[in-house]
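# Coordinate analysis (summary)
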Amino acid sequence: MVKHIMWILHELGRASSWYTSVAMHQCTPCVSLFLPSEVNCVTSADQNLRFKNIENQLTGQLFELEKRVTLLKNENSEISKSRDALQSIVYSQKEEIAALDSLIDKLDFPKDQTKHNNGTVTQSEVENGDDRHGKRRIIYSRQSRVTSPAFYAYMSTNEASPGPHHTLIFNSVITNVGNAYNQYSGIFTVPSTGMYVLSYTITAYTSSYIPVEIVKNAGVIGSLLTKAYSNYKHSVSSTVVVNMNAGDVCYVRTSGSGATPSGSIYSGTEARTSFTGWRIE
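Residues numbered from 1 in each chain as written. Predicted model: local features only at pLDDT ≥ 70, side-chain atom pairs only at ≥ 80, totals over all residues. Heavy atoms only, no water.

## Observations concerning the side chain of S199
Note the cut-off: The helix and strand labels rest on DSSP assignments: H or I over at least four residues marks a helix, E over at least two residues marks a strand, and numbering proceeds from the N terminus. Pairing of N or O atoms within 3.5 Å defines a polar contact, subject to two protein rules: one partner must be a possible hydrogen donor and the other a possible acceptor, and residues neighboring in sequence count only if both atoms are side-chain atoms. Here a residue-residue contact requires only that any non-hydrogen atoms of the pair lie within 4.5 Å.
Within the secondary structure, S199 sits in strand β6 (residues 194-204). Of note is the side chain of S199, whose polar atom sits 3.3 Å from the backbone oxygen of S238. If we skip the residues at most four places from it in the chain, S199 touches S238, T239, S274, F275 and T276.

## Focus on the pattern of salt bridges
Heads up, the rule is: Any carboxyl oxygen of Asp or Glu that lies within 4 Å of a side-chain nitrogen of Lys or Arg is treated as forming a salt bridge with it. Categorising residues by exposure relies on relative accessible area from a 1.4 Å probe, with only protein chains included: less than 20% of the type maximum marks a residue as buried, more than 50% marks it as exposed, and the intermediate range marks it as partly exposed.
Counted according to the given criterion, the structure contains two salt bridges. In this structure, K67 and E64 form a salt bridge, with 3.9 Å as the shortest nitrogen-oxygen distance. In this pair, K67 and E64 are both assigned in helix α2 (residues 44-105), three residues apart and thus about one turn of the helix distant. Overall, the relative accessible area of 40% leaves K67 in the partly exposed class. We classify E64 as partly exposed; its relative accessible area is 41%. When the shortest N-O distance is used, the salt bridge between E213 and R253 registers 2.8 Å. Placement of E213 in strand β7 (residues 209-216) and of R253 in strand β10 (residues 249-254) is noted, with a sequence separation of 40 residues between them.

## What to know about a nonpolar patch on the surface
Which entries qualify depends on this criterion: Residues enter a patch when their relative accessible area is above 30% and they make no salt bridge; the linking distance is 9 Å between like charges and 5 Å between nonpolar side chains (Val, Leu, Ile, Met, Phe, Trp, Tyr). Areas reported here follow the Shrake-Rupley algorithm with a probe of radius 1.4 Å; residue values treat only the protein chains shown as occluding.
A contiguous nonpolar surface patch, about 290 Å² in accessible area, is contributed by V241, W278 and I280. Relative to the helices and strands, V241 is located in strand β9 (residues 234-244). The class for V241 is exposed, based on a relative accessible area of 56%.

## Brief notes about the confidence of the model for the chain
This is how the line gets drawn: Per-residue confidence from the predictor is reported as pLDDT, a score between 0 and 100.
Residues of the chain with pLDDT of at least 70 account for 67%, and the chain-wide mean is 77. Below pLDDT 50 for its whole length, residues 26-39 participates in nine contacts with residues either more than four positions away or in separate chains. Under a pLDDT of 50 for its full length, residues 108-144 has, in the predicted model, 32 contacts with residues more than four places off or in other chains.

## Observations regarding the environment of S223
Of note, S223 is situated in strand β8 (residues 219-227). In this structure S223 comes out as exposed when scored by relative accessible area, which is 52%. Measuring from C-alpha to C-alpha, the distance between S223 and Y200 comes to 9.8 Å, with 23 residues separating the pair along the chain. Excluding anything up to four places from it in sequence, S223 contacts Y200, V212, E213 and S238.

## Section: the sheet that holds β7
Keep this limit in mind: In this scheme, strands are said to pair when DSSP sees at least two bridges between them.
With respect to topology, four strands assemble into an open sheet ordered β5-β10-β7-β8, the strand pairing being antiparallel. Taken across any chain shown, the strands that pair with only one partner, and hence form the sheet edges, are β5 (188-189) and β8. Of the pairings in the sheet, the one linking β7 to β10 comprises five bridges and is antiparallel in character. In the sheet register, V215 faces β10, and the bridge partner there is Y251.

Okay, structure coming up:
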């Protein structure tokens, strides 16, 4: 579309130049040795009318293109608003899921998870039966009995141009004792109450500025920023020690206030962007 607009402006310039040339030079008599009576000279008025029509047509086309550009800008603005609204919904749903998981973990379960009100439940019945809620309770109760949970995960690829309040996903899991870290959501759900160490390392790609924060439930408990200059990458690590209850959630995200991320996050063989944590008490 931009090329089309530039072509119209070019044609308007040519038409204007042609009109000026004709206005400055009067038409000279045409000479013919063979048919002098059939050769007529085109007058300046005829040329003026022709060029005026061309100019009007090009001006009209330019006006229509400008209208289309305005409409596209408005549509783009509406799409951006819709995207922001959807992101807010996603964050809200993540918090709701974390709250539900917390309630499930805090339910009282009998110590003998193989017993049922009607008798003994076999492993086959647990795996193949229709009691889906019972199976989920058994899974969560096993996680809650883990006294020394620990995890370590890193990004397998770069994160290109993350926006503010963007949850970072460390999808390559090396250690996950207790299965409390979710490699798809990037969230660590605390399986048992105690004191935890949480550490994260962020590498900024060339000419990138990346502010990051670690969040416990809905509150920020730590932050860092890293800035890489031209032709360089730069890594920064941060560690927090925090008391957490079973069902609390922790995750790493880009900052959304005071500092806005610019550029991309790097994660490669020479510098892993990672997230790790373990219980010490």
